[in-house]
Amino acid sequence: MKRISLRNGNAIPFISFFPNSHSASAITVKGKVGLNSSNFDKVKSLDDAVNLFNQMVRMKPLPSVVDFSKLFKNMISMKHYSAVLSLFREMQKLGIPINVFILTGVINSYCLMHRSDCAFSVLPIYLKNGIPFGIVTFTTLLRGIFAENKVKDAVELFKKLVREKICEPDEVMYATVMNGLSKRGHTDKTLSLLRLMEQGNTKPNIYIYNIVIDSLCKDRNLDAAFTLLNEMKQRGIPPNVVTYSSLIDGLCRIGQWEKVKILFSEMVNHNIYPDVCSFNILTDGLCKEGKVEDAEEIMKHMVKKGVEPNIITYNAIMDGYCLCGRLDRARRIFDILIEKGIEPSIFSYNILINGYCKKKNLAKAMQLFCEISRKGSKADIVTYNTILQGLFEVGRIGVAKQLFVEMVSTGPVPDLCTHHTLLDGYFKYGLVEEAMSLFNKLVGKKETIDIRSYNIIINGLCKNGELDKAHAIFEKIYSMGLLPNARTYNTMITGFCLKGLLDEAIDMLRKIEGNNCLPNNVTYNVILQGYLRCRKINEMVTFMKEMTGRGFSFDATTAKLLVNSISENPSVLDMIPKFHVENKK
């Protein structure tokens, strides 16, 4: 058995807790009778598991190591990962034999707690007890490393296992690595690994091909996905419902509805009938295209074919109606899913709340918001941010402030989106001091602040007549390790132009070019509007040459101001044709 170098990891604290008295749900193991499946079936809680463990360690002879493995597996399924580690430590203290299944369970518990570093510290226990490393052990580690988004570490470990022939990867290990890569956008690496696998001893199966096809479809590389489908068929591996679902999803994303129909027909002809997942993909795609009635027809078709719509189906259709502004119909779908005995998810509530907020119907939005807690659910960060945005939109500032206080005390932790909503709202209603107080608190607490945060502050100060303060904050951006973008510059230029400071606006335009941040159509239109408002026609005409020379055009506001300027001073019209003639030479 080859040894591998192990990364050091600090073990997390183990908490041992073994109740002296048995709870009402405790499981009785009489005398020296061994354990059977019913003993484990009765384990429904952490107390049950700990009580059973206590009884197991007192039995003479001890239950088999397989029984301890079953208990750990049961606890992991109930997500009591820390408890598994505690009981494992107790087993070591008592000298109870361990096997590969128990150690894999411990590694899995660490990984599910996002502590893959600690999981590596279990590997020396294998060596100490003479237990060979199994492929399941390393597959579990790889899955845990990917779960922490440590893609580089996972790839390095996989390469080490193959290069040093520590273990021969099987289909499950390949699938774990490829799934980890594809879910994090590494489609090219996923495809390369498939090609490597095709040349090796372990050949790809349908599950492997599905991972790669799905990844290609999500990248909208449908040509490569269909090419791979044909390759797969040539190798004698028929596609299944998952393969078709991925391809249908890819086609829906690019609006290829005729090809979707063809693919559905092909599925049925191959005796592969769409499942609820396939129908949901189609339903969601249609709703995003505004074809909500078609999506409802699909749902009715599902029911006729014996495929029951689930919460995802109803959410997609609700969202579709909300996007179309048909809130009454969206609410009816919400009521139907409740009538069907399906529990609405927080996502269901968020869809409707967002729809009502967009329609500025805050009464119904707040009614739904209050209903969430009454139904035993809990509003998430999206719920709060949506309601806050809606309240500011209709000017209910006081209620928005109260909601934010509630959020800080009992709700989810405010995120950057929350703070942006508050800053925007405060500036919108002239609450400059409150906006700056919040901003300074965020800076003081070293909260994550991005360039958008500064754009909101600069824009808010400019619109509230605080141009000097806005410019001072603009000058601090570089010292904060951030780079201004086109929106930052455009905001400052707008501020200067509204104050008639056109020379400063032009200086800012030149700064954009000097800082490798190209001006855009908005930049030129804002300055041109400034010249028109200040009636500086000669400068305007000169600037128009530069503007059109760079391929930019008038927007609606500029065109309106130009028409007004011509109506007040017809001679302006004489200057513009002259400009166009000169521009053509």
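Basis of the calculations
- Residues numbered from 1 in each chain as written.
- Predicted model: local features only at pLDDT ≥ 70, side-chain atom pairs only at ≥ 80, totals over all residues.
- Heavy atoms only, no water.
- Helix = DSSP H or I, 4+ residues; strand = E, 2+ residues; numbered from the N terminus.
- Buried < 20%, exposed > 50% of the residue type's maximum accessible area, 1.4 Å probe, protein only.
- Contact = heavy atoms within 4.5 Å.
- Areas by Shrake-Rupley, 256 points an atom, 1.4 Å probe, with all protein chains shown as cover.
- Lys, Arg positive; Asp, Glu negative; His and termini not counted.
- Charge placed at Lys NZ, Arg CZ, Asp CG, Glu CD.
- Phe/Tyr/Trp six-rings, centres within 6.5 Å; stacked < 30°, edge-to-face > 60°.
- Expected span 1.5 Å × (residues − 1).
- Polar contact = N/O pair within 3.5 Å; in protein donor to acceptor, adjacent residues only side chain to side chain.
- Axes fitted to C-alpha atoms, helices over the stretch in contact; angles between N-to-C directions.
- Parallel < 35°, antiparallel > 145°, perpendicular 65-115°, else oblique.
- Nonpolar A, V, L, I, M, F, W, Y, C, P; charged D, E, K, R; others polar.
- Left-handed = near helix turned anticlockwise from the far one by under 90°.
- Patch = residues over 30% accessible without salt bridge, like charges linked within 9 Å, V, L, I, M, F, W, Y side chains within 5 Å.
- Salt bridge = Lys/Arg side-chain N within 4 Å of Asp/Glu carboxyl O.

Chemist: Which parts of the structure should I look at to understand the overall build of the chain?
Modeler: Broken down by element type, the chain carries 33 helices and zero strands. The dimensions of the chain, computed from C-alpha atoms along their principal axes, are 105 × 60 × 55 Å. Looking at the 585 residues of the chain, the share that counts as buried comes to 46%. Considering only contacts within the chain whose residues lie at least 6 apart along the sequence, 60% involve residues at least 24 apart. Carbon and sulfur atoms provide 53% of the accessible area of the chain, an area that totals close to 30,200 Å². Looking at charge distribution, the chain has the averaged site of its 75 positive side-chain charges lying 5 Å from that of its 58 negative ones.

Chemist: Sorry if this is basic, but what is going on with the packing of aromatic side chains here?
Modeler: Any two aromatic rings considered together are summarised by their centre-to-centre distance and by the angle between their planes. Inspection of every chain in the model, using the stated rule, returns 14 aromatic pairs. Here F334 and Y349 contribute two aromatic rings whose centre-to-centre distance is 5.3 Å and whose plane-to-plane angle is 65 degrees, an arrangement assigned as edge-to-face. Separated by 15 residues along the polypeptide, F334 in helix α19 (residues 327-339) and Y349 in helix α20 (residues 346-358) bring together distant segments of the chain. With a relative accessible area of 0%, F334 lands in the buried category. When the centroid spacing of 5.5 Å and the interplanar angle of 65 degrees are considered together, the rings of F474 and Y489 count as edge-to-face. Within this pair, whereas F474 is found in helix α27 (residues 467-476), its partner Y489 is found in helix α28 (residues 486-498), the two being separated by 15 residues in sequence. Residue class for F474 comes out buried when judged on its relative accessible area of 3%.

Chemist: It is not clear to me how helix α32 (residues 556-568) should be interpreted in this structure. Could you clarify?
Modeler: Relative to the 18 Å expected for 13 residues at 1.5 Å per residue, α32 spans 19 Å between its end C-alpha atoms, a close match to the ideal helical length. Backbone nitrogen of T557 and a side-chain oxygen of the N-cap are separated by 3.2 Å at the start of α32; the cap is D555.

Chemist: Sorry if this is basic, but what is going on with the packing of helix α16 (residues 276-288) against helix α18 (residues 311-323) here?
Modeler: Any two packed helices are characterised by how steeply their axes cross, that is the angle between the axes, and by the distance between the axes. Interaxial distance between α16 and α18 falls to 9 Å at its minimum, and their mutual angle equals 5 degrees. On the basis of the axis angle, α16 is roughly parallel to α18. Residue-level contacts link V276, N280, T283, D284 and C287 of α16 to I312, T313, A316, I317, G320 and L323 of α18. Across the contact of α16 with α18, the residue classes break down as six nonpolar, four polar and one charged.

Chemist: Is there a simple way to explain the packing of helix α17 (residues 292-304) against α18 in this structure?
Modeler: Interaxial distance between α17 and α18 falls to 9 Å at its minimum, and their mutual angle equals 160 degrees. It follows that α17 is roughly antiparallel to α18 by the angle criterion. Two packed elements cross with a definite hand, and for α17 against α18 that hand is left-handed. Where α17 abuts α18, its residues V292, A295, E296, M299 and M302 lie against T313, Y314, I317, G320 and Y321. Across the contact of α17 with α18, the residue classes break down as seven nonpolar, two polar and one charged.

Chemist: Which parts of the structure should I look at to understand a negative patch on the surface?
Modeler: Taken together, the side chains of D503, E504, D507 and E539 define an acidic patch exposed on the protein surface. By residue number, the principal contributor to the negative patch is helix α29 (residues 502-514), which donates three residues. For D503, the position within the fold is in helix α29.

Chemist: When you look at the side chain of E371 in this model, what are you seeing that I'm missing?
Modeler: Take E371: it is sitting in helix α21 (residues 362-374). Nearest to the buried, unbridged E371 among oppositely charged side chains is R331, at 4.3 Å. Beyond its immediate chain neighbours, meaning those up to four positions away, E371 contacts R331, F334 and Y349.

Chemist: Quick question: what am I supposed to make of the pattern of salt bridges here?
Modeler: Note on pairing: side chains with opposite charge can pair once their charged atoms come close. For the structure on display, the rule yields 21 salt bridges. With its nearest N and O atoms 3.5 Å apart, the salt bridge here joins R235 to E198. Pair noted here: R235 is in the loop between α13 (222-234) and α14 (241-253) and E198 is in helix α11 (residues 187-199), with a separation of 37 residues, a long-range link. Taking relative accessible area as the criterion, R235 reaches 47% and is therefore assigned partly exposed.

Chemist: Got a minute to help me understand the environment of R332 in this structure?
Modeler: Tracing the sequence through the fold places R332 in helix α19. Taking the C-alpha atoms as reference points, R332 and L391, separated by 59 residues in sequence, lie 24 Å from one another.

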